[in-house]
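Descriptive analysis of the structure
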Amino acid sequence: MSDRYSKVFRIALYVISAITCLVILYPYLVMFFSSVKGMNEIYRIPGTLWPEKWNLSNYRTIWEHIPLTYYFRNSAIVACGATALSITCAIPTGYALARMSFPGKKGFMQFIIITQMFAPVVLLVGIYRIMLTLHLTNNLFGLILLIAAFNQAFSSWLLSGTFATISKELEEAATIDGCSRLQAVIRVIIPLAAPGIVTAVIHAFIGAWNEYTLTLVLISDTYKKSLNVGIRAFFGYTNIEWWYVFTASLLTTIPILFLFQAIDKYIVGGLTAGGVKG
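A few points on the structure. Only a predicted model underlies this, so the values are computations on that prediction, with no experimental measurement involved.

1. Some remarks on the overall build of the protein
Counting secondary structure elements, the protein contains 13 helices and zero strands. Traced from its N-terminal end to its C-terminal end, the protein shows the element sequence α-α-α-α-α-α-α-α-α-α-α-α-α. In terms of overall size, the protein is more extended than a compact globule, its C-alpha atoms giving a radius of gyration of 24 Å where 278 residues would be expected to give roughly 19 Å. Within the span of the protein, comprising 278 residues, buried residues form 36% of the whole. The contacts in the protein between residues at least 6 apart in sequence include a share of 71% that link residues at least 24 apart.

2. Here's the deal with helix α6 (residues 124–133)
Looking only at α6, the buried set comprises Leu-124, Ile-127 and Met-131. Angularly, the buried residues of α6 cover 65 degrees about the axis, an arc narrow enough to put them on a single face. Facing away from the buried side of α6 by more than 90 degrees, the exposed set consists of Val-125, Arg-129, Ile-130 and Thr-133. His-135 lies just past α6 and shows a positive phi near 60 degrees.

3. Observations concerning the packing of aromatic side chains
A complete count under the given rule lists ten aromatic pairs for this structure. Their ring planes at 55 degrees and their centres at 5.6 Å tell us that Phe-32 and Phe-33 sit as a pair that is tilted. Pairing Phe-72 with Trp-209 gives two aromatic rings, centres 6.4 Å apart and planes at 50 degrees, and the pair type is tilted. Taken as a pair, Phe-72 in helix α4 (residues 68–99) and Trp-209 in helix α10 (residues 194–209) lie far apart in primary sequence, 137 residues in all. Here Phe-72 matches Trp-209 in class, with each residue buried. Counting every residue linked through ring pairs, the aromatic cluster contains Phe-32, Phe-33, Trp-50 and Trp-54.

4. Focus on the side chain of Arg-99
Here Arg-99 lies in helix α4. A residue is classified by how much of its surface remains accessible, and Arg-99, at 12% relative accessible area, is buried. Of note is the side chain of Arg-99, whose polar atom sits 3.0 Å from the backbone oxygen of Phe-163. Beyond its immediate chain neighbours, meaning those up to four positions away, Arg-99 contacts Phe-163, Ala-164, Ile-166, Ser-167, Lys-168, Glu-171, Arg-181 and Ile-189.

5. Structural notes on empty space enclosed by the protein
Inspection of the entire model under this criterion finds one cavity of 30 Å³ or more. If you go around the largest cavity, the residues you meet are Ser-75, Val-78, Ala-79, Leu-143, Ala-208, Trp-209, Glu-211, Thr-215 and Ser-226. Every element with two or more residues in the lining of the largest cavity is listed here: α4 and α10. Tallied by class, the residues present in the lining of the largest cavity amount to five nonpolar, three polar and one charged.

6. Some points on the pattern of salt bridges
Per the stated rule, a full pass over the model turns up one salt bridge. Note that Arg-99 is salt-bridged to Glu-171, the shortest N-O span being 2.5 Å. Of this pair, Arg-99 sits in helix α4 while Glu-171 sits in helix α8 (residues 168–176), and the two are 72 residues apart along the sequence. Side by side, Arg-99 and Glu-171 carry an identical accessibility label, which is buried.

7. Quick word on the layout of surface pockets
If you add up the space inside the largest pocket, you get close to 330 Å³. Lining the largest pocket we find 15 residues, and of these Gln-116, Phe-118, Pro-120, Phe-150 and Asn-151 sit closest to its centre. For the lining of the largest pocket, the secondary structure elements donating two or more residues are α7 (140–164) and α10. Among the elements that take part in the lining of the largest pocket, α7 stands out by supplying five residues, more than any other. Split into classes, the residues belonging to the lining of the largest pocket amount to eight nonpolar, six polar and one charged. Volume-wise, the second largest pocket comes out at about 240 Å³. Taken together, Tyr-28, Met-31, Trp-209, Asn-210, Ser-249, Leu-250, Thr-252, Thr-253, Ile-256, Leu-257 and Phe-260 make up the lining of the second largest pocket. The leading source of residues in the lining of the second largest pocket is helix α13 (residues 242–273), at seven residues. Residues of the lining of the second largest pocket, tallied by class, amount to seven nonpolar, four polar and no charged.

Rules behind the numbers
Residues numbered from 1 in each chain as written. Predicted model: local features only at pLDDT ≥ 70, side-chain atom pairs only at ≥ 80, totals over all residues. Heavy atoms only, no water. Helix = DSSP H or I, 4+ residues; strand = E, 2+ residues; numbered from the N terminus. Rg over C-alpha atoms; globule rule 2.2 N^0.38 Å. Buried < 20%, exposed > 50% of the residue type's maximum accessible area, 1.4 Å probe, protein only. Contact = heavy atoms within 4.5 Å. Arc of directions from axis to C-beta. Phe/Tyr/Trp six-rings, centres within 6.5 Å; stacked < 30°, edge-to-face > 60°. Polar contact = N/O pair within 3.5 Å; in protein donor to acceptor, adjacent residues only side chain to side chain. 1 Å grid on protein atoms, 1.4 Å probe; cavity = no way out; pocket = protein on both sides within 12 Å on 5 of 7 lines; lining within 4 Å. Points joined across faces, edges and corners; volume = space filled by probe spheres on them. Nonpolar A, V, L, I, M, F, W, Y, C, P; charged D, E, K, R; others polar. Salt bridge = Lys/Arg side-chain N within 4 Å of Asp/Glu carboxyl O.

This is how it looks when you write it as structure tokens:
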């Protein structure tokens, strides 16, 4: 009897998992099927999920009618640059917050969390005036600095918690073996903090890749716009070319999927690397 209930429970678990996956993937399925439809099918009432005619030429058309190559390049430059800068600054900051004691540390940690309450749009006027004074408007480097700054607080807070979970005795053991403090951090602590660093990288990259407001305000040159802002080319005065919007939107998700696929093994490796044989 127990085996029977065990099989029923397993089947029910599989069914619930399949339904959950379908609910999560449904928006992406709508996006994909809509990207291969034509204008008549998009605006048809009532509409259907499955396209009657697969119009794969939509993918070729968007590459020909808008500078999509430049948009992809700009998004990649900004996302990679902002992520690298943010994580490079967040690692020593997170380590200092985890290992060092100084007056006002608790208040500083709380201030880091409070800064996440303010969206860039709230500070947009001040940001634009500062960037204009520094001659960094319509400049990808200026955009990288801004996005890295907005991602810096959360990355530092996240990594401080990661470094705090790593035993100080490991650094002391590395020091006894002849390593300096910097060498101990680079050779011992950072590899053990790999899961937290990867998480911070994912958060920073997704935030930079999806950034819209700052790019829209600071970048005016068509060939310097990011992919998210470039999609606005399909929004006309009288109608919206939804079939192209869905096509371009689907393409924007591909780099994120490749990122997760590429670093998945590093996440697993980082989790197993943290084991200490005692």
